Amino acid sequence: MSWFMFATTFPPLLGPIISGFISTITWRWTFWAGLLIAAPGFPLLVTMPETYVPVLRLKNGNSGNKKDISDQKNLGHLPGGNSFFSKMSVVLSRPFSMFFHESIVFCCSMYLALVYATLYLYFQAYPIVFQDLYGLSAGISGLAFLPILPGSIMAFLVFFLYSSHHSKALKSGRSWAKLEEYRRLPLACIGAPAIPIALFWLGWSSRLSIHPVMPMMSGVFFGFGYLLIFIALINYLTDAYKQFSASAAAAASTSRSIFAVFLPMATNAMYTKLGIDWASSLLGFFSLAMAIIPFVFIKKGAWIRANSRFAQMAQ
């Protein structure tokens, strides 16, 4: 999951760089470049093998005993009915049910949505800062996204260091390592302060009297916090909901995709009315308020899961 999140972090950062340089030739090449990059992966997608164990058991005629089948149906592990519509009703309704009824799913989804949407808001905000304010070209201003990459690499290293530390503590029988919340959430606690730092840095260092490299470097903090929060919360949803984790992840993915579409639409109006400093600070205050979520889950997560219908069924 961590490799997946890391791999999905830096390609969006290359988009503004590539399009910033080739769009000056013709706007059509922006789309040709996207096609050339996406086409090689498409055959891998359509030939991806089935890996879901209950489905493989059904195909192989080895579904276990009657009790196992009954339990899996009750949990939504297997379709509750034979019709296509009954199967799809389970698949499509459960993510929304978990989003509105599971506080862990709701809070994680909203936090991830804010962080994810902020990344896509940058695609509108950076041209305002580096083209309109500093007068840089589209290609050069696209290079402002590069500092996010080393921040993500540092976050990835922190993940491996903490994962190794947690594994050693688990083997030695440390009590704290046995708690579900300590497997991933401390990573989010480390990364959470980095997002408001990045936003306040960007907003208040964007001055003509300050070299443009200074606001660009705020991306190091953003990349660091962005990847740690995603690794921690997505994995925490998997740990907490186990066989329901696909539905929990679907709820998180849907909400953050919606935010990533609509929040950037407000960028121009927000940065025009509030200015670069206060528009970035507004986002910083929201991310600062959201930063409390992983700390609350470390403290109360076990109690929340004990009172969660889906988490208890997953156990």
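Residues numbered from 1 in each chain as written. Predicted model: local features only at pLDDT ≥ 70, side-chain atom pairs only at ≥ 80, totals over all residues. Heavy atoms only, no water.

### Looking at the overall build of the protein
When helices and strands are tallied, the protein shows 18 helices and zero strands. Projecting the C-alpha coordinates of the protein onto the three principal axes gives extents of approximately 70 × 45 × 35 Å. Burial statistics for the protein: of 315 residues in total, 43% are counted as buried. Within the protein, counting contacts between residues at least 6 apart in sequence, those at least 24 apart form 77% of the total. Approximately 16,600 Å² of the protein is accessible, and the part contributed by carbon and sulfur atoms is 70%. The protein carries 22 positive and 9 negative side-chain charges, and their two centres are separated by 4 Å. (Helix = DSSP H or I, 4+ residues; strand = E, 2+ residues; numbered from the N terminus. Buried < 20%, exposed > 50% of the residue type's maximum accessible area, 1.4 Å probe, protein only. Contact = heavy atoms within 4.5 Å. Areas by Shrake-Rupley, 256 points an atom, 1.4 Å probe, with all protein chains shown as cover. Lys, Arg positive; Asp, Glu negative; His and termini not counted. Charge placed at Lys NZ, Arg CZ, Asp CG, Glu CD.)

### Observations regarding the packing of helix α7 (residues 84–101) against helix α15 (residues 245–262)
At a minimum axis separation of 8 Å, α7 and α15 run at an interaxial angle of 75°. By the angle class used here, α7 and α15 are roughly perpendicular. On α15, the residues that touch R94, P95, M98 and F99 of α7 are S247, A248, A250, A251 and S255. Within the contact of α7 with α15, the residues separate by chemical class into six nonpolar, two polar and one charged. (Axes fitted to C-alpha atoms, helices over the stretch in contact; angles between N-to-C directions. Parallel < 35°, antiparallel > 145°, perpendicular 65-115°, else oblique. Nonpolar A, V, L, I, M, F, W, Y, C, P; charged D, E, K, R; others polar.)

### A short note on the nonpolar core
Grouped together as the largest cluster of nonpolar side chains are 71 residues, with contacts concentrated most on Y122, Y241 and Y271. Ranked by residues supplied to this core, first place goes to helix α8 (residues 103–133) with 16 residues. Sequence-distant contacts of Y122, that is, excluding residues within four places in its chain, are made with P127, F145, I148, A198, L199, L202 and F222. (Core = buried A, V, L, I, M, F, W, Y, C linked by side-chain atoms within 4.5 Å.)

### As for the packing of aromatic side chains
Counted under the stated rule, the structure contains 27 aromatic pairs. Here the aromatic rings of W3 and F156 are separated by 4.7 Å at their centres, their planes lie at 70°, and the arrangement is edge-to-face. Note that W3 is positioned in helix α1 (residues 2–7) and F156 in helix α10 (residues 148–171), a separation of 153 residues in sequence. On the basis of relative accessible area, F156 is assigned to the buried category, the value being 7%. A cation over a ring is seen here: R256 above Y116, with NZ or CZ 5.5 Å from the ring centre. The ring of F310 has R309 sitting right over it, with the charged end atom 4.5 Å from the ring centre. (Phe/Tyr/Trp six-rings, centres within 6.5 Å; stacked < 30°, edge-to-face > 60°. Lys NZ or Arg CZ within 6 Å of the ring centre and 35° of its normal.)

### Concerning the environment of G34
With respect to the helices, strands and loops of the structure, G34 is situated in helix α3 (residues 28–38). Put simply, G34 and L187 are 153 residues apart on the chain and 33 Å apart in space, counted from C-alpha to C-alpha.

### A closer look at the packing of helix α11 (residues 181–191) against helix α17 (residues 292–306)
Each pair of packed helices gets described by two things: the angle between the helix axes and the distance between those axes. Relative to each other, α11 and α17 sit at 155°, their axes nearing to 9 Å. The angle between α11 and α17 places the two elements in the roughly antiparallel class. Considering only the axes of α11 and α17, their crossing is right-handed. For the pair α11 and α17, the contacting residues are E181, Y182, L185, P186, A188 and C189 in the first and P294, F295, F297, I298, G301, A302 and R305 in the second. Among the residues making up the contact of α11 with α17, the classes are represented as ten nonpolar, one polar and two charged. (Left-handed = near helix turned anticlockwise from the far one by under 90°.)

### Side note on helix α2 (residues 10–22)
Helix length check: α2, at 13 residues, gives a terminal C-alpha distance of 19 Å against a target of 18 Å (1.5 Å per residue), a fit within 8%. Within the sequence span of α2, burial applies to P12, L13, P16, I17, G20 and I22. (Expected span 1.5 Å × (residues − 1).)

### Description of the pattern of salt bridges
In this structure the tally under the stated criterion is six salt bridges. Close ionic contact of R183 with E180 constitutes a salt bridge, the shortest N to O distance being 3.4 Å. In this structure R183 comes out as partly exposed when scored by relative accessible area, which is 32%. Note that E180 is salt-bridged to K242, the shortest N-O span being 3.7 Å. Of this pair, E180 sits in the loop between α10 and α11 while K242 sits in the loop between α14 (218–241) and α15, and the two are 62 residues apart along the sequence. On the accessibility criterion, E180 (16% relative accessible area) is buried. (Salt bridge = Lys/Arg side-chain N within 4 Å of Asp/Glu carboxyl O.)

### A closer look at unusual backbone geometry
Not every positive phi belongs to a glycine, and K242 is a case in point at roughly 45°. The class of K242 is partly exposed, set by a relative accessible area of 31%.

### A short note on the UniProt feature "transmembrane region" (unreviewed entry) in the protein
Sequence positions flagged by UniProt for "transmembrane region" (unreviewed entry) are, in local numbering, residues 29–48, 104–123, 143–164, 185–204, 216–237, 244–266 and 278–298. A helix fraction of 100% and a strand fraction of 0% characterise residues 104–123, whose end C-alpha atoms lie 29 Å from each other. Secondary structure across residues 185–204 divides into 90% helix and 0% strand, with the first and last C-alpha atoms of the span separated by 30 Å. (UniProt positions renumbered as here; feature names shortened; annotations may be inferred.)

### Describing the layout of surface pockets
For the second largest pocket, the calculated volume is near 280 Å³. For the lining of the second largest pocket, the secondary-structure elements that each account for two or more residues are α2 and α3. Looking at the lining of the second largest pocket, the element that brings in the most residues is α2, giving six residues. For the lining of the second largest pocket, the per-class residue count stands at six nonpolar, four polar and no charged. (1 Å grid on protein atoms, 1.4 Å probe; cavity = no way out; pocket = protein on both sides within 12 Å on 5 of 7 lines; lining within 4 Å. Points joined across faces, edges and corners; volume = space filled by probe spheres on them.)

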